[in-house]
Amino acid sequence: MNSLTQMHSITLACALALVPAALSAEEGHHWGYDAEHGPKHWAEMNPEYESCGVGKAQSPIDIRGAVPAKLDAIEFDYHPTPLHIIDNGHTVQVNYEPGSSISVGGKRYELQQFHFHRPSEEKVNGKNYPMVAHLVHKDSDGAIAVVAVLLKEGAQNPLVKTLWTDLPKEKEKERVEEKVKINAASLLPQSHKYYTFDGSLTTPPCSEGVTWFVLTTPKQISKEQVARFSKIYNGNARPTQPLNGRTIKVSQ
């Protein structure tokens, strides 16, 4: 492989990690969640999706037997940003402007985007939740860290209300509302205790080396808000994957 080809491959891999849905659509690799194009077939659809089938540290997982540990706190530094929202053909995603981040043990990850799955991809002791929000971050070396916020039915979620009000009418076309300011901090529960484990992206190309932080306390979302999302995506969750000996830790 020459240097130009290698550089192109690296660039493509980074892009896929952040916006796999858009690139997949452009390349004609129409992965999805139905029987024909669903998770069981992802690895067959493109050589770059091989990890979806052979990876040994895949996400999501069923969180069981977490080991209590003295872990560094997640320091959230989220700021308001104009709303950039897109229905990318697989989920509703909010793209975040630079300047917001998390820091864990002195390592800083910049918030790139957050998106939703129904039901939650992660399970806790065999139970999943109506929805989950995944906040995707990247450090200066390109390593990815995802904060997962489990969403349970209860009170209306003010941030979700804003997002659902401005849902794009057209798929794969970002809607920008400069006058509408949102803050991802509104998605976070009061407690920032978390489960953590090594995993992967939960969508093609299922790249591994992703650090997961699943907050132990869920956030509330109303039944009506779940129903609104269900009209667009009522089953965009990858099944849980084998743990394969990985250790799950939970902060104290």
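Up top is the structure these notes are about.
These remarks concern the structure in this document. (Residues numbered from 1 in each chain as written. Predicted model: local features only at pLDDT ≥ 70, side-chain atom pairs only at ≥ 80, totals over all residues. Heavy atoms only, no water.)

Structural notes on the environment of Phe114
Link 1 in the chain: Within the secondary structure, Phe114 sits in strand 7 (residues 107–117).
Link 2 in the chain: Spatially, the C-alpha atoms of Phe114 and Val92 are 8.6 Å apart, while their sequence positions differ by 22 residues.
Link 3 in the chain: Excluding its chain neighbours within four sequence positions, the residues that come into contact with Phe114 are Val92, Gln93, Val94, Tyr96, His134, Leu135, Leu159, Leu163, Ile182, Ala184 and Leu187. (Helix = DSSP H or I, 4+ residues; strand = E, 2+ residues; numbered from the N terminus. Contact = heavy atoms within 4.5 Å.)

A closer look at helix 5 (residues 158–165)
Link 1 in the chain: Burial in helix 5 covers these residues: Leu159, Val160, Leu163 and Trp164. Buried residues of helix 5, seen end-on, are gathered within an arc of 130° and therefore sit on one face of the element. Of the residues in helix 5, the exposed ones pointing more than 90 degrees away from the buried face are Pro158 and Thr165.
Link 2 in the chain: The distance from a side-chain oxygen at the start of helix 5 to the backbone nitrogen of Leu159 is 3.1 Å, and the residue carrying that oxygen is Asn157. (Buried < 20%, exposed > 50% of the residue type's maximum accessible area, 1.4 Å probe, protein only. Arc of directions from axis to C-beta. Polar contact = N/O pair within 3.5 Å; in protein donor to acceptor, adjacent residues only side chain to side chain.)

Quick word on the state of the cysteines
Link 1 in the chain: Tallied over the entire structure, the rule returns one disulfide.
Link 2 in the chain: The side chain of Cys52 participates in a disulfide bridge whose partner is Cys206; the two sulfur atoms lie 2.1 Å from each other. Here the disulfide of Cys52 and Cys206 is right-handed, its torsion about the S-S bond being about 90°. Residue Cys52 is found in helix 4 (residues 51–54), and its partner Cys206 is found in the loop between strand 12 (194–200) and strand 13 (208–215); the two are separated by 154 residues along the sequence.
Link 3 in the chain: A residue is classified by how much of its surface remains accessible, and Cys52, at 10% relative accessible area, is buried. (Disulfide = S-S within 2.5 Å.)

Notes on the nonpolar core
Link 1 in the chain: Within the largest apolar cluster, 36 residues are counted, with the highest numbers of intra-cluster contacts made by Phe114, Phe116, Leu135, Leu163 and Trp164.
Link 2 in the chain: The contact partners of Leu163, leaving out residues within four places of it in the chain, are Leu83, Ile85, Val94, Phe114, Phe116 and Ile182.
Link 3 in the chain: Judged by nonpolar contacts, the second largest core, of 18 residues, contains Val132, Val146, Tyr195 and Trp212. (Core = buried A, V, L, I, M, F, W, Y, C linked by side-chain atoms within 4.5 Å.)

A short note on the packing of aromatic side chains
Link 1 in the chain: Scanning the model with the defined rule gives 12 aromatic pairs in all.
Link 2 in the chain: Where Phe114 meets Phe116, the ring centres are 6.1 Å apart and the plane angle is 85°; that geometry is what we call edge-to-face. Like Phe116, Phe114 is buried.
Link 3 in the chain: Seen from their ring centres, Trp164 and Phe229 are 5.7 Å apart, and the 20° between their planes marks the pair as stacked. Taken as a pair, Trp164 in helix 5 and Phe229 in helix 6 (residues 223–230) lie far apart in primary sequence, 65 residues in all. As far as burial versus exposure is concerned, Trp164 and Phe229 are alike and both buried. (Phe/Tyr/Trp six-rings, centres within 6.5 Å; stacked < 30°, edge-to-face > 60°.)

What about the environment of Ala155?
Link 1 in the chain: Along the chain, Ala155 turns up in the loop between strand 10 (144–153) and helix 5.
Link 2 in the chain: For Ala155, a relative accessible area of 41% puts it in the partly exposed group.
Link 3 in the chain: Sequence separation between Ala155 and Ile221 is 66 residues; the distance between their C-alpha atoms is 5.7 Å.
Link 4 in the chain: Once residues within four sequence positions are removed from consideration, Ala155 is found in contact with Gln220, Ile221 and Ser222.

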